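If you want the building blocks of each chain, they are given just below.
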Amino acid sequence: MRRLVDAGLLEKRVYETQPVRHEYLLTESGRDFYPVILAITAWGDRWLAEEAGVPVTTRHEPCGHDTRAEVVCSHCKEPLCWEDVTPRPGPSGPQSRASPRTSYAS
């Protein structure tokens with residue numbers, strides 16, 4: 001927990017003084033990181049879950065259904081797969097060379 005506090009993802013606050021007890025709250029940075037946590041959870045649910053099932057489910061309160069993270073295109077909303085994307089230099093990246101397509105040997 002200390003590393004998450006040091007990294008700025010969590011804030012440690014005292015919520016009881018006798019005895020001293022702390023709660024850990026997400027910071028703005030931690031709230032921005034939440035989709036990454038959901039993506040890692042989805043990966044773990046697929047590849048590491050035991051026969052009994054996943055250890056934690058995530059309920060989307062507005063619709064009342066359990067859900068899982070999906071990475072989709074912000075434009076067309078289609079799922080993003082590694083073979084369908086091409087990294088390119090952004091506004092602050094090197095403009096003199098094009099970034100090669102990511103390839104992975106199988």
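The structure contained in this document is the topic of the report that follows. Every chain is numbered independently, its residues counted from 1 as its sequence is written. Where local features are concerned, this predicted model is filtered to residues with pLDDT of at least 70; where side-chain atom pairs are given and counted, the filter is 80 or more; whole-chain, interface and lining totals use all residues. As a convention, hydrogens and water are excluded, and side-chain values are obtained from all of the structure's heavy atoms.

1. Examining the overall build of the chain
Item 1. The helix count covers DSSP runs of H or I at least four residues long, the strand count covers runs of E at least two residues long, and both are numbered beginning at the N terminus. Check the secondary structure of the chain and you find two helices and four strands.
Item 2. Starting at the N terminus, the α and β elements of the chain follow one another as α-β-β-α-β-β.
Item 3. Relative accessibility under 20% of the residue-type maximum defines a buried residue, over 50% an exposed one, and the middle range a partly exposed one, all with a 1.4 Å probe and only protein chains included. Across the 106 residues that make up the chain, the buried fraction comes to 5%.
Item 4. The long-range share in the chain, meaning contacts at least 24 apart out of those at least 6 apart in sequence, stands at 7%. Here, residues are in contact when the closest pair of their heavy atoms is within 4.5 Å.

2. Examining the layout of surface pockets
Item 1. By volume, the largest pocket is sized at about 210 Å³.
Item 2. In terms of lining residues, the largest pocket is bounded by Ala 39, Ala 69, Glu 70, Val 71, Pro 79, Leu 80 and Cys 81.
Item 3. Charged residues are taken to be Asp, Glu, Lys and Arg, nonpolar residues to be Ala, Val, Leu, Ile, Met, Phe, Trp, Tyr, Cys and Pro, and polar residues to be all remaining types, Gly included. Of the residues assigned to the lining of the largest pocket, the class counts are six nonpolar, no polar and one charged.
Item 4. Grid points spaced at 1 Å and placed over the protein atoms alone form the basis of the search, with a cavity being a set where a 1.4 Å probe fits but cannot get out and a pocket an open set showing protein on both sides within 12 Å along at least five of seven lines. Lining residues have an atom within 4 Å of a point. Grid points are joined across faces, edges and corners, and a volume is the space filled by probe spheres set on the points. A volume near 170 Å³ is recorded for the second largest pocket.
Item 5. Around the second largest pocket, the lining residues are Ala 39, Ala 42, Trp 43, Arg 46, Trp 47, Arg 68 and Ala 69.
Item 6. Its residues assigned to classes, the lining of the second largest pocket comprises five nonpolar, no polar and two charged.

3. What about the pattern of salt bridges?
Item 1. Put simply, a salt bridge is a Lys or Arg side-chain nitrogen that is within 4 Å of an Asp or Glu carboxyl oxygen. By the definition in use, this model includes four salt bridges.
Item 2. Between Arg 13 and Glu 11 there is a salt bridge whose closest N-O contact spans 2.8 Å.
Item 3. For Arg 13, a relative accessible area of 40% translates into the label partly exposed.
Item 4. Classification of Glu 11 as partly exposed rests on a relative accessible area of 32%.

4. As for the environment of Glu 11
Item 1. Its place among the elements puts Glu 11 in strand β1 (residues 10–17).
Item 2. In this structure, Glu 11 is in contact with Glu 23, Tyr 24, Leu 25 and Thr 27, ignoring residues within four places of it in sequence.
Item 3. Polar contact is defined as a pair of N or O atoms within 3.5 Å, subject to the rule that within protein one atom must be able to donate a hydrogen and the other to accept it, and that residues adjacent in sequence are counted only when both atoms are side-chain atoms. In this structure the side chain of Glu 11 is engaged in a polar contact, spanning 2.8 Å, whose partner is the side chain of Arg 13.

5. A look at the side chain of Thr 27
Item 1. Looking at where Thr 27 falls in the secondary structure, it is placed in the loop between β2 (20–26) and α2 (28–47).
Item 2. Residue classification places Thr 27 among the buried residues on the basis of a relative accessible area of 17%.
Item 3. At a separation of 2.4 Å, a polar atom in the side chain of Thr 27 contacts the main-chain carbonyl oxygen of Gly 8.

6. With respect to the environment of Leu 9
Item 1. Looking at where Leu 9 falls in the secondary structure, it is placed in the loop between α1 (2–6) and β1.
Item 2. Once you skip the residues sitting within four places of it in the chain, Leu 9 turns out to touch Leu 4, Leu 25, Leu 26, Thr 27, Ser 29, Gly 30 and Phe 33.

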